Amino acid sequence: MKKVLTGNFAAAYGATAAKVNVISAYPITPQTTIVEILSEIVADGELNAEFVKVESEHSALACCIGAQATGARTFTATSSQGLALMHELIHWAARARLPIIMVNVNRAMAPGWSIWADATDSISQRDTGWIQMYCENNQEVFDTVLMSYKISESESVMLPALINLDAFFLSHTSQVVDLYNEARIDQFLSKYDPKIKLDVDDPHAFGALTSPEHYYEFSYKMHEAQINAIRVIKEVGQEFGKIFGRTYDLTESYRCDDAELILVSYGTIAGTAKEAVDQMRNSGIVVGVLKIRYFRPFPTEDVIKALHPAKKVGVIDRAVSYGQSGPFFNEIRSTLYHESTPLYGFIAGLGGRDVSTHDIENMVDIMQNDPAQDLIWIGVKNVD
Amino acid sequence: MSTEVKAKKRSIKLTLPEDEIMCPGHLACQGCGATIAMRYALKALGPKTITAIPACCWAVIDGPFPYSAASIPVYHCAFETAASTASGISHGLSSLGKTDVTTLAWAGDGGTFDIGIQALSGAAERGDNMIYVVYDNEAYMNTGIQRSSSTPHGAWTTTTPVKHYKKGPKKNIMEIMVAHHIPYCATANIAFPEDFVKKLQKAKTMKGMKFIHLYAPCPTGWKHPPRNTVKIARLATETNVFPIYEVENGVYKINKRIKTPKPVSEYLKLQGRFRHLTADVIDFIQQGVNDRLTRIEKLEQAFGANSQDSPTS
Ligand SMILES: Cc1ncc(C[n+]2csc(CCOP(=O)(O)OP(=O)(O)O)c2C)c(N)n1
Ligand SMILES: [Mg+2]
């Protein structure tokens, strides 16, 4: 079944299709419609779930943690300030190895108050152990929510996942989304049935005081699970393709095969870059786009392979790691450490400033004419 | 000899459930009131109980990985999340159709009066189905005896040194919880286990948020010998420092009426944390104790089972 949906509705329908048992969330612009539509879906009995309307994002994630630990499938959604408020529990959920799925609408951090797109909120959660991915369109939002349950709940993964979509560019923009049919969804995603859960017939303590004798191995196993997730994401992406006709991977190459210049980006900027590439190709510039879907686990080998043919690589970040460079740029630079490809790090679109095809052409112009540079701020004005 | 013991055993009338659910081998200090508390709580609630325990002494008492003394499922959770994690457990269980399991949030005074009060207030207002027990040892003991908003007037702690001892009364958590209109709020004291067990058993039959404020001395933090734990706890109620009462659906009831209250000095003098107090401060504390009891008595008169404006409906 196809519908015209905003990214937020696609996210809410994704959770509904996954037949989650418990939802706990707190409203924040621009995530609010996710909470609202799910409230209605649950109230109407379309989804047999308990929606716990908590008093903060902090409690939302704590509640998901408790519920998921009993063996329930859970969902939450937030944005920027809410995500930051959850931070302690974001670590908790991952270390507790609970496959909670959270949608984050990428929004800038205050002050000043900004409700517009910026990935600094989610990037700040980099080292928590969550799987972290970025969507380019609303179909991808729906599909990824669905796939994420299967990926995260895989026995060799058992890690929570953060699915990101850009504020307004996706959250409030309507696109056609195929919601498939229930029978095929049930064929794809089976019931959540974890091996280990809170069970009065098999009582255990979870998360107790852990000495240096054991903690280290728990961390090792989390890393191992992230690496396993690379394989699982690919397998699930293939299986999804077989059932629903759309195949997914950790990265997506667009016109990269013969490209001399490759732009790397994520989220909606990757979509704009594809459009710009088509235009530039028409005027003879041989350029391609590598869209990174997964920030964690980072698809190191795929990136090396995809970028190998390029003479130059530019990375566009809608986020900044203050005092260093763009966070994705850092990843690409360390991934390409053994290559001699000149790298360009572009910062663009912070706080929701528009990134147009014209801006992207400007970046390619810099790559063609200027020496490589780690940090290039696109469109900064009045800063003396 | 053995028959004599048997004979004796037969003649004892047990007032508490005989089952020992909690195991020996826990990590508590000698004389720990909070440990006595859990033993009684599990006797009352039985093995079909799941507990959420935030950072507090009990996060350590239960034992390090891979050990656990509680013998029921224990979910260690973040300091401020006893109530919100328990909400999740409770909703998770009910979403899976498991309706015969009790969810118990078990937190210290710091995790309840201070950092966890928002989550507790939220869970109470929503009416999430759980029993929330705060074992009150009147300071942050896990981290080395720092003051909390439950530390009473006059007490020494490591952050309220003798020269700057704690000023002002402890937060009235009972009134805060009563103000949430939850079905059941009660105080209890480890020195009166029958009362505590009865209250837990009653709470177990009710739906929604049930809150128990449990008095539990800490020999390490209060500076008294471990053998005095129960004695001091009993004195707390016999001096009216810690009155035993309950509020069931808005109806107040004092469960232990002290006919001839002992002076607070008898309670204070057994504890090193109050050693520095002068007579005038002790008088001031006595006055506060009298005032707070009067308030509870007036509430019982106004909203007790025998009062005309009893808010039961
Ligand atoms: C967010 C956070 N802040 C601080 C701490 C450190 N901490 C752990 S337990 C504790 C005090 C607990 O006091 P209380 O709740 O009264 O329990 P008790 O230790 O007295 O049993 C503190 C401050 C923590 N674990 N988490
Ligand atoms: Mg305490």
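Residues numbered from 1 in each chain as written. Chains lettered and ligands numbered in written order. Predicted model: local features only at pLDDT ≥ 70, side-chain atom pairs only at ≥ 80, totals over all residues. Heavy atoms only, no water.

### Some words on the overall build of chain A
Okay, so step 1: Scanning chain A from terminus to terminus reveals 13 helices and 16 strands.
Okay, so step 2: A compact globule built from 384 residues would reach a C-alpha radius of gyration of about 21 Å, and chain A, at 21 Å, matches this within 12%.
Okay, so step 3: Projected onto its principal axes, the C-alpha coordinates of chain A cover approximately 70 × 50 × 45 Å.
Okay, so step 4: Among the 384 residues that make up chain A, the fraction classed as buried is 59%. (Helix = DSSP H or I, 4+ residues; strand = E, 2+ residues; numbered from the N terminus. Rg over C-alpha atoms; globule rule 2.2 N^0.38 Å. Buried < 20%, exposed > 50% of the residue type's maximum accessible area, 1.4 Å probe, protein only.)

### Structural notes on the interface of chain B and chain A
Okay, so step 1: Each partner contributes residues to the interface: chain B has 39 residues there, and chain A has 38 residues.
Okay, so step 2: Buried surface at the junction of chain B and chain A, both sides included, amounts to about 2,900 Å², of which 66% is carbon and sulfur.
Okay, so step 3: The largest per-residue losses of area from chain B upon contact with chain A belong to Phe65(B), Tyr75(B) and His76(B), which jointly make up 23% of the total buried on that side.
Okay, so step 4: Inspection of the region where chain B meets chain A yields one salt bridge.
Okay, so step 5: Where Glu55(A) meets Arg126(B), a salt bridge forms, and the shortest distance between an N and an O atom there is 3.2 Å.
Okay, so step 6: Counting across the interface, chain B meets chain A through 11 residue pairs in polar contact (both at pLDDT 80 or more).
Okay, so step 7: Looking at the side of chain B that touches chain A, the elements that each hand over two or more residues are strand 1 (49-53), strand 2 (74-76), helix 4 (82-95) and helix 6 (117-126) of chain B.
Okay, so step 8: Taken together, the residues of the side of chain B that touches chain A sort by class into 17 nonpolar, 16 polar and six charged. (Contact = heavy atoms within 4.5 Å. Buried area = accessible area lost by both parts, 1.4 Å probe. Salt bridge = Lys/Arg side-chain N within 4 Å of Asp/Glu carboxyl O. Polar contact = N/O pair within 3.5 Å; in protein donor to acceptor, adjacent residues only side chain to side chain. Nonpolar A, V, L, I, M, F, W, Y, C, P; charged D, E, K, R; others polar.)

### Focus on the site of ligand 1
Okay, so step 1: If you check the shell around ligand 1, you find 18 residues, and the closest are Cys57(B), Gly110(B), Gly111(B), Tyr135(B) and Asn142(B).
Okay, so step 2: Mapping the residues adjacent to ligand 1 onto the chains of the assembly identifies chains A and B.
Okay, so step 3: Here an oxygen atom of ligand 1 sits 2.8 Å away from a polar atom, N or O, in the main chain of Gly111(B).
Okay, so step 4: Here the shell around ligand 1 gets three residues from one element, more than from any other, and that element is helix 5 (residues 109-114) of chain B.
Okay, so step 5: Its residues placed into classes, the shell around ligand 1 shows nine nonpolar, six polar and three charged. (Near = heavy atom within 4 Å.)

### With respect to the sheet that holds strand 13 (residues 294-296) of chain A
Residue and element names in this part refer to chain A.
Okay, so step 1: Spatial strand order, 3-2-4-5-7-6-13: seven strands in an open sheet with mixed pairing. Edge positions in the open sheet fall to strand 3 (50-52) and strand 13, since each of these has one partner strand only. Recorded for the sheet is a direction-independent mean angle of 20 degrees between the axes of neighbouring strands.
Okay, so step 2: Bridging between strand 2 (residues 22-24) and strand 3 involves three bridges; their strand directions are parallel. (Pairing = 2+ DSSP bridges. Axes fitted to C-alpha atoms, helices over the stretch in contact; angles between N-to-C directions.)

### A short note on the pattern of salt bridges
All names here are of chain A.
Okay, so step 1: By the definition in use, this model includes 34 salt bridges over all chains.
Okay, so step 2: Linking Asp258 and Arg281 is a salt bridge whose minimum nitrogen-to-oxygen distance equals 2.9 Å. Taken together, the residues Asp258 in the loop between strand 10 (251-254) and strand 11 (261-265) and Arg281 in helix 10 (residues 268-282) connect sequence positions 23 residues apart.
Okay, so step 3: Asp258 gets classed as partly exposed once you look at its relative accessible area, which sits at 47%.
Okay, so step 4: One connected set of salt bridges, linked through shared partners, spans Glu136, Glu140, Glu252, Lys274, Lys291 and Arg293.

### A closer look at the environment of Glu235(A)
Okay, so step 1: Along the chain, Glu235(A) falls in helix 9 (residues 212-244).
Okay, so step 2: For the pair Glu235(A) and Asp374(A), spaced 139 residues apart in the sequence, the C-alpha separation amounts to 35 Å.

### Observations regarding the domain arrangement of chain A
All names here are of chain A.
Okay, so step 1: Each assigned domain of chain A is listed here: domain 1 (2-244) and domain 2 (251-377).
Okay, so step 2: Taken together, the contacts link 28 residues of domain 1 with 26 residues of domain 2.
Okay, so step 3: Interface area, domain 1 with domain 2, both sides summed: about 2,200 Å², of which 57% is carbon and sulfur.
Okay, so step 4: Together, Tyr134, Glu136 and Phe169 form the three largest contributors to the area buried by domain 1 at its contact with domain 2, with a combined 26%.
Okay, so step 5: Counting the contacts that link domain 1 with domain 2 gives five salt bridges.
Okay, so step 6: One salt bridge in this structure joins Glu136 and Lys291, with 2.8 Å as the shortest N-O distance. (Domains from an automatic or database assignment.)

### Quick notes on the nonpolar core
Okay, so step 1: Among the nonpolar cores identified, the biggest contains 122 residues, and Phe75(A), Phe142(A), Tyr132(B) and Phe211(B) are the most heavily contacted of them.
Okay, so step 2: Beyond its immediate sequence surroundings of up to four residues, Phe211(B) is in contact with Thr112(B), Leu120(B), Tyr132(B), Val134(B), Ile173(B), Met174(B), Met177(B), Ile182(B), Tyr184(B), Cys185(B) and Ala186(B). (Core = buried A, V, L, I, M, F, W, Y, C linked by side-chain atoms within 4.5 Å.)

### Re the coordination of the magnesium ion (ligand 2)
Residues and elements named next belong to chain B.
Okay, so step 1: Here the magnesium ion (ligand 2) is held by Asp109 (OD), Asn137 (OD1) and Ala139 (O), and the distances to it run 2.0 to 2.1 Å.
Okay, so step 2: Between consecutive donor residues of the magnesium ion (ligand 2), the sequence gaps follow D-x27-N-x1-A. Highlighted residues: Asp109 in helix 5 and Asn137 in the loop between strand 4 (130-136) and helix 7 (173-178), separated in sequence by 28 residues.
Okay, so step 3: Look at Asp109 and you get buried, because its relative accessible area is 1%. (Donors = N, O, S within 2.8 Å, 3.2 Å for Na, K, Ca; no water.)

### A short note on the sheet that holds strand 6 (residues 209-215) of chain B
Okay, so step 1: Sheet architecture is open: nine strands sit in the order 9(A)-2(B)-1(B)-3(B)-4(B)-6(B)-5(B)-7(B)-8(B), paired in mixed fashion. The open sheet is flanked by strand 9 (205-206) of chain A together with strand 8 (251-254) of chain B, the only strands paired with a single partner.
Okay, so step 2: Each of strand 7 (245-248) and strand 8 of chain B is contacted by helix 12 (residues 279-303) of chain B, which is oriented at about 130 degrees to strand 8 of chain B, the strand it contacts most.

### Some details on the side chain of Thr85(B)
Okay, so step 1: Note on placement: Thr85(B) falls in helix 4.
Okay, so step 2: Given the relative accessible area of 2%, Thr85(B) is considered buried.
Okay, so step 3: Discounting chain neighbours no more than four positions away, the residues touching Thr85(B) are Ala62(A), Gly66(A), Ala52(B), Tyr75(B) and Cys77(B).

### Brief notes about a negative patch on the surface
Okay, so step 1: The grouping of Glu36(A), Glu40(A), Asp44(A) and Glu46(A) at the surface amounts to a negative patch.
Okay, so step 2: As for its placement among the helices and strands, Glu40(A) is situated in helix 2 (residues 32-43). (Patch = residues over 30% accessible without salt bridge, like charges linked within 9 Å, V, L, I, M, F, W, Y side chains within 5 Å. Areas by Shrake-Rupley, 256 points an atom, 1.4 Å probe, with all protein chains shown as cover. Lys, Arg positive; Asp, Glu negative; His and termini not counted. Charge placed at Lys NZ, Arg CZ, Asp CG, Glu CD.)

### Regarding the packing of helix 1 (residues 7-17) of chain A against helix 7 (residues 138-152) of chain A
Residues and elements named next belong to chain A.
Okay, so step 1: Where helix 1 meets helix 7, the axes come as close as 8 Å, and the angle between the chain directions of the two elements is 25 degrees. By the angle class used here, helix 1 and helix 7 are roughly parallel. Crossing angle aside, the handedness with which helix 1 passes helix 7 is right-handed. Touching Gly7, Ala10, Ala11, Tyr13, Gly14, Ala15 and Ala17 of helix 1 are Asn138, Val141, Phe142, Val145 and Leu146, all from helix 7. (Parallel < 35°, antiparallel > 145°, perpendicular 65-115°, else oblique. Left-handed = near helix turned anticlockwise from the far one by under 90°.)

### What about unusual backbone geometry?
Trans is the common state for peptide bonds, and a negative phi is the common state for residues other than glycine.
Residue and element names in this part refer to chain A.
Okay, so step 1: Going from Pro111 to Gly112, the amide bond is cis rather than trans, its omega being -15 degrees.
Okay, so step 2: Considering the arrangement of structural elements, one finds Gly112 in the loop between strand 5 (101-106) and helix 6 (120-123).
Okay, so step 3: The peptide bond linking Arg296 to Pro297 adopts the cis configuration, its omega dihedral lying at -5 degrees.
Okay, so step 4: Looking at where Pro297 falls in the secondary structure, it is placed in the loop between strand 13 and helix 11 (300-307).
Okay, so step 5: Although it is not a glycine, Phe168 sits at a positive phi angle of roughly 60 degrees.
Okay, so step 6: Tracing the backbone through its elements, the reader meets Phe168 in the loop between strand 7 (161-166) and strand 8 (175-178).

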